[in-house]
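Single-letter residue listing:
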Amino acid sequence: FGSNPESEATYKAQNTYLEHLTRSDYGKFQQITNNVCDNCDLELVLPPIVLVGEESSGKSSTCARIVGYNLFPRNENICTRTPVKYQLTHLQEGDDFISINDTTFTFGTGVVQYINDWMNENVGPTGIGETELVVKVYSKSVPTITFIDLPGIVLFDEGTVQSEESTSISTVTTRIVEKYISHDETLIVAIVPA
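As a starting point, this report considers the structure included with it.

Conventions and cut-offs
All chains use their own residue numbering, which begins from 1 and follows the written sequence. In keeping with the predicted nature of the model, local features appear solely for residues at pLDDT of at least 70, side-chain atom pairs appear and are counted solely at 80 or more, and the whole-chain, interface and lining totals rest on all residues. Calculated side-chain values reflect all of the structure's heavy atoms, with hydrogen atoms and water omitted. Under the scheme used here, helices are H or I runs from DSSP no shorter than 4 residues and strands are E runs no shorter than 2 residues, and both carry numbers assigned from the N terminus. Note on exposure labels: buried denotes an accessible area under 20% of the residue type's maximum, exposed denotes more than 50%, and partly exposed covers the range between, all computed with a 1.4 Å probe on protein chains only. By the convention used here, residues are in contact when the closest approach between their heavy atoms is within 4.5 Å. What sets the accessible areas is the Shrake-Rupley method with a 1.4 Å probe; for residues, cover comes only from the shown protein chains. By definition, two strands form a pair when at least two bridges between them are found by DSSP. All axes here are fitted lines through C-alpha atoms, helices being fitted over the stretch that makes contact, and every angle between N-to-C directions spans 0 to 180 degrees. To obtain the arc, one takes the directions from the helix axis to the C-beta atoms.

## As for the overall build of the protein
Now for step 1: Along the backbone of the protein there are 5 helices and 7 strands.
Now for step 2: Sequence-ordered secondary structure for the protein, helices as α and strands as β, is α-α-β-α-β-β-β-α-β-β-α-β.
Now for step 3: For the protein, with 194 residues in total, the buried portion stands at 36%.
Now for step 4: For the protein, the share of sequence-separated contacts (at least 6 apart) that also reach a separation of at least 24 residues comes to 74%.
Now for step 5: Carbon and sulfur atoms provide 52% of the accessible area of the protein, an area that totals close to 11,300 Å².

Given below as structure tokens:
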């Protein structure tokens, strides 16, 4: 980092956060669950962590900070147009990579465009889709943790005319959130703009 104290402070903060999440009880259980599931046919699932909030509240930015890399295209409208499950796995050694739908990427090599294209193909008439995209991130700089980023809740359907209430953007985004938070064991992280 040379003599740049800001870069060094950012590096230390990132490592402190990474160590904290990796050593947390949830992180330890996630590592055990992953090891068991990788080595046998038993399916173990921890309570899901779900990020919810209004449109443009900062959910994807929060996800990007946890991952340490922005995996989504920036847009002045809705960025997350389908539910996205991030499965982060902390690597002790080896090269960092991202796996989506059996396609492997290195960081910065077309992954953002792939996600954008996938979302464009999997949205309904409102521009929101209910099919979940699974993004697996393997890196030495992430904790082992799984969480789900949902499309932002749209409260009003401004500028859109829908023929049926069931297909309005506010109805679709609310339905997605209700589906993901309906289980009693779900850990809900509500993101609000500060």
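## Thoughts on the sheet that holds strand 4 (residues 103-105)
Pairing between the strands of a sheet is mediated by backbone hydrogen bonds and can be parallel or antiparallel.
Now for step 1: Read across the sheet, 7 strands follow the order 4-3-5-2-6-1-7 without closing on themselves; strand pairing throughout is mixed. Two strands in the sheet have a free side with no partner beyond their single neighbour: strand 4 and strand 7 (187-190). Each adjacent strand pair in this sheet contributes to an overall mean axis angle of 25°, direction not counted.
Now for step 2: The strands touched by helix 5 (residues 169-181) are strand 1 (49-52), strand 6 (145-149) and strand 7; relative to strand 1, the strand with the most contacts, the crossing angle is about 155°.

## Considerations on unusual backbone geometry
Now for step 1: If you check the backbone angles, Asn101 has positive phi at about 50° while not being a glycine.
Now for step 2: By the secondary structure assignment, Asn101 is in the loop between strand 3 (97-100) and strand 4.
Now for step 3: Not every positive phi belongs to a glycine, and Asp102 is a case in point at roughly 65°.
Now for step 4: Tracing the backbone through its elements, the reader meets Asp102 in the loop between strand 3 and strand 4.

## Section: the environment of Lys59
Now for step 1: Mapped onto the fold, Lys59 is located in helix 3 (residues 59-67).
Now for step 2: Overall, Lys59 belongs to the buried group, its relative accessible area being 6%.
Now for step 3: Sequence separation between Lys59 and Thr80 is 21 residues; the distance between their C-alpha atoms is 8.8 Å.
Now for step 4: Sequence-distant contacts of Lys59, that is, excluding residues within four places in its chain, are made with Leu51, Val52, Gly53, Glu54, Asp149, Leu150, Pro151, Gly152 and Ile191.

## What to know about helix 3
Now for step 1: What helix 3 keeps buried is the set Lys59, Ser60, Cys63, Ala64, Ile66 and Val67. One side of helix 3 carries all its buried residues, which in axial view fall inside an arc of 160°.
Now for step 2: The positive-phi residue at the C-terminal boundary of helix 3 is Gly68, with phi of around 85°.

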